[in-house]
Amino acid sequence: MKAIAVQRGSEGPTVIEKPRPEPDEGEALLRTLRVGVDGTDHEVIGGSHGGFPEGEDHMVLGHEAVAVVEDANGTDLAEGDVVVPTVRRPPAEGTNDYFERGEPDMAPDGEYVERGIVGEHGYMAEYVTSAPEYLIPVPAERWEVGFLVEPISITEKALEHAYASRSAFEWAPESALVLGNRSLGLLTLAMLEYGVDSDRSFAAHDFERTYCLGRRQRPDPTVDIIEEIGATYVDSTETPLETVPDEFEPMDFVYEATGYAPHAFETVEALAPNGVGALLGIPDSWEFEVDGGRIHNELVLHNKALVGTVNSHVEHFEGAVDTLAELPEWLLSDLVTTVATPEDVEPAFEYGDDQIKAVVEFDRL
Ligand code: NDP
Ligand code: ZN
């Protein structure tokens, strides 16, 4: 079967041939439909994030997948079920408390592997295997956009943690600012603007005023989407983040999805009193000057909070399935800018300003 992998010592992704995997006892065999590409994949390809499975010369890419059960292999699944797999799996030494509690997303380094990111092959292959507890059912009619469940689940978790940090008092947020205008930023902006009416989704608030900060000038497809969503575009080349409170308003909630390290600190100044910032970006080491005293003072005297958050667990995926069902069709179709095939995969890894979300389609339902 065909798989798309990064190989030790060579640059960029390549299409390789691998044997079709055999499911172990207790695992199902899945036929892959679509696998999305995000900023993390570009970091993995560039070598700044993640790592190869132990003892292997390559890693199959891909962590945002939607697949169909090909062989249930004695599990409770049924052939033909459409499913989305989670990303984290126990490390080679076996399971641990985080996995047993259903909170692998809270496990520290070394206590997990991530499929397609660190230490385990991903989903960019015609067939993959998985234990059923890591598979979330998706309505079959949503198969084409099912790969968006994983990135949405990232924001489900971020929202859960941000709201939890404000749960000790009456918090009534009205304004929200998303930093970053690619796939994660735009999906999150839509979640905050539309809100989701579901007990499983954490995107229950709909903010009265939403903003999205980028560094692009109009005309630009992402700015068009931001405005179509009903949010205000903030061009950071004209209005740097620290000036947003004066130029627009202080924000009750800031969601950082740029990976631009100064944003972590500027977020504190952009927040309104009692506000919370969720940091999602994964920057490299980078030294720069900040006024630490001022940031410390702001956090304390205005009851502000910053939460860092990574990955997500099964409940967040389930919430994401409900969220996905409420996002408008036009948005989903505008977000998916490239549908590539394994025969001609290169366009999926191009990263020009016209690329928002690329997907590799292995098969159709
Ligand atoms: P991308 O790298 O595709 O998008 C980053 C966005 O931020 C782009 O729109 C980019 O603008 C914008 N940006 C970067 N620097 C600046 C700046 N200085 N000022 C304004 N805008 C800026 O990543 P994704 O959307 O896929 O993900 C966002 C971040 O979240 C990444 O760092 C990724 O690694 C991380 N991530 C974290 C996860 C977690 O679990 N914590 C999960 C998934 C992703 P432009 O397009 O113009 O270059
Ligand atoms: Zn991702």
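Residues numbered from 1 in each chain as written. Chains lettered and ligands numbered in written order. Predicted model: local features only at pLDDT ≥ 70, side-chain atom pairs only at ≥ 80, totals over all residues. Heavy atoms only, no water.

### Some remarks on the environment of Ala67
Move 1: Relative to the helices and strands, Ala67 is located in strand β5 (residues 64-71).
Move 2: Judged by its relative accessible area of 2%, Ala67 falls in the buried class.
Move 3: Along the backbone, Ala67 and Pro85 are 18 residues apart, and their C-alpha atoms lie at a distance of 8.1 Å.
Move 4: Leave out the neighbours within four places in its chain, and Ala67 touches Leu30, Arg31, Thr32, Leu33, Asp81, Val82 and Val83. (Helix = DSSP H or I, 4+ residues; strand = E, 2+ residues; numbered from the N terminus. Buried < 20%, exposed > 50% of the residue type's maximum accessible area, 1.4 Å probe, protein only. Contact = heavy atoms within 4.5 Å.)

### Considering the nonpolar core
Move 1: By size, the foremost hydrophobic cluster in this structure holds 56 residues, and its most contacted members are Leu148, Ile152, Phe253 and Tyr255.
Move 2: Among the elements that make up this core, the one with the highest residue count is helix α3 (residues 149-165) (seven residues).
Move 3: Domain assignment of the residues forming this core places at least three in each of domain 1 (2-137 + 328-361) and domain 2 (152-308).
Move 4: Contact partners of Tyr255, with chain neighbours within four places excluded, come to Ile154, Thr155, Ala158, Leu177, Val178, Leu179, Leu184, Thr188, Ala278 and Leu280.
Move 5: Among the nonpolar cores identified, the runner-up in size contains 36 residues, and Val37, Ile117, Leu135 and Ala340 belong to it. (Core = buried A, V, L, I, M, F, W, Y, C linked by side-chain atoms within 4.5 Å. Domains from an automatic or database assignment.)

### Considering the UniProt feature "domain: Alcohol dehydrogenase-like N-terminal" (unreviewed entry) in the protein
Move 1: UniProt annotation of "domain: Alcohol dehydrogenase-like N-terminal" (unreviewed entry) refers to residues 25-139 when read in the numbering used here.
Move 2: Taken end to end, residues 25-139 is 10% helix and 34% strand, and its two terminal C-alpha atoms sit 26 Å from one another. (UniProt positions renumbered as here; feature names shortened; annotations may be inferred.)

### Considerations on the coordination of the zinc ion (ligand 2)
In ideal tetrahedral geometry, four donors around a metal make angles of 109.5 degrees, whereas ideal octahedral geometry with six donors gives angles of 90 or 180 degrees.
Move 1: The protein atoms that coordinate the zinc ion (ligand 2) are Asp38 (OD) and His63 (NE2), at distances spanning 2.0 to 2.1 Å. Taken as a pair, Asp38 in the loop between β3 (28-37) and α1 (39-46) and His63 in the loop between β4 (58-60) and β5 lie far apart in primary sequence, 25 residues in all.
Move 2: Here Asp38 falls in the buried class, since its relative accessible area comes to 13%.
Move 3: Given the relative accessible area of 2%, His63 is considered buried. (Donors = N, O, S within 2.8 Å, 3.2 Å for Na, K, Ca; no water.)

### Considerations on a negative patch on the surface
Move 1: Taken together, the side chains of Glu343, Asp344, Glu346, Glu350 and Asp354 define an acidic patch exposed on the protein surface.
Move 2: Of note, Glu346 is situated in the loop between β18 (336-340) and β19 (357-361). (Patch = residues over 30% accessible without salt bridge, like charges linked within 9 Å, V, L, I, M, F, W, Y side chains within 5 Å. Areas by Shrake-Rupley, 256 points an atom, 1.4 Å probe, with all protein chains shown as cover. Salt bridge = Lys/Arg side-chain N within 4 Å of Asp/Glu carboxyl O. Lys, Arg positive; Asp, Glu negative; His and termini not counted. Charge placed at Lys NZ, Arg CZ, Asp CG, Glu CD.)

### Topic: the sheet that holds strand β13 (residues 209-214)
Move 1: One open sheet accounts for six strands, arranged β14-β13-β12-β15-β16-β17; its pairing is parallel. With one partner strand each, in any of the chains shown, β14 (232-235) and β17 (305-308) form the two edges of the open sheet. Looking at each pair of strands side by side, their axes are set apart by 20 degrees on average, direction ignored.
Move 2: Summarising the sheet, β13 and β14 pair through four bridges and their orientation is parallel. Looking across to β14, one finds that Cys212 is bridged to Tyr233.
Move 3: Helix α7 (residues 262-270) contacts β12 (175-179), β13, β15 (251-256), β16 (271-279) and β17 of the sheet and is inclined by roughly 155 degrees relative to β16. (Pairing = 2+ DSSP bridges. Axes fitted to C-alpha atoms, helices over the stretch in contact; angles between N-to-C directions.)

### Remarks on the packing of aromatic side chains
Move 1: Throughout the structure, instances matching the rule amount to seven aromatic pairs.
Move 2: Judged by centre distance (6.0 Å) and plane angle (55 degrees), the ring pair of Tyr163 and Trp171 falls under tilted. Each member of the pair, Tyr163 together with Trp171, is buried.
Move 3: Arranged with centres 5.8 Å apart and planes meeting at 75 degrees, the rings of Phe265 and Phe288 form a pair that is edge-to-face. Placement of Phe265 in helix α7 and of Phe288 in the loop between β16 and α8 (292-301) is noted, with a sequence separation of 23 residues between them.
Move 4: Taken together, the aromatic side chains of Tyr260, Phe265, Trp286 and Phe288 make up a single cluster linked through ring pairs.
Move 5: When the ring centre of Tyr98 is taken as origin, the NZ or CZ atom of Arg101, which lies over that ring, is 5.1 Å away. (Phe/Tyr/Trp six-rings, centres within 6.5 Å; stacked < 30°, edge-to-face > 60°. Lys NZ or Arg CZ within 6 Å of the ring centre and 35° of its normal.)

### Quick word on the site of ligand 1
Move 1: Around ligand 1 sit 27 residues in total, of which Asn181, Arg182, Arg215, Arg216 and Tyr351 are the nearest.
Move 2: Contact distances for ligand 1 include 3.0 Å between a nitrogen atom and a backbone N or O atom of Leu280.
Move 3: Compared with its free state, where it exposes 920 Å², ligand 1 has 90% of that area covered by protein.
Move 4: Elements represented by at least two residues in the shell around ligand 1 include exactly α1, α4 (183-194) and β13.
Move 5: With three residues, the single largest contributor to the shell around ligand 1 is α1. (Near = heavy atom within 4 Å. Polar contact = N/O pair within 3.5 Å; in protein donor to acceptor, adjacent residues only side chain to side chain.)

### Section: the packing of α4 against helix α5 (residues 221-229)
Move 1: Packing of α4 against α5 brings their axes to within 10 Å, and their N-to-C directions diverge by 10 degrees. By the angle class used here, α4 and α5 are roughly parallel. Judged by residue contacts, Leu186, Leu189, Ala190, Glu193 and Tyr194 of α4 engage Thr222, Ile225, Ile226, Glu228 and Ile229 from α5.
Move 2: Looking at the contact of α4 with α5 residue by residue, the classes come out as seven nonpolar, one polar and two charged. (Parallel < 35°, antiparallel > 145°, perpendicular 65-115°, else oblique. Nonpolar A, V, L, I, M, F, W, Y, C, P; charged D, E, K, R; others polar.)

### Here we look at the pairing of β15
Move 1: Of all six residues in β15, six are buried, a share of seventy percent or more.
Move 2: Pairing between β12 and β15: four bridges, direction parallel. Each bridged residue has a counterpart across the sheet, and for Leu179 the counterpart in β15 is Glu256.
Move 3: Bridge analysis of β15 against β16 gives five bridges, and the strand direction is parallel. Following the sheet pairing, Met251 is matched in β16 by Leu271.
Move 4: In this region the chain leaves β15, passes through α7 and returns to the parallel neighbour β16; the handedness of that crossover is right-handed. (Right-handed = clockwise from strand over helix to strand, strands pointing away.)

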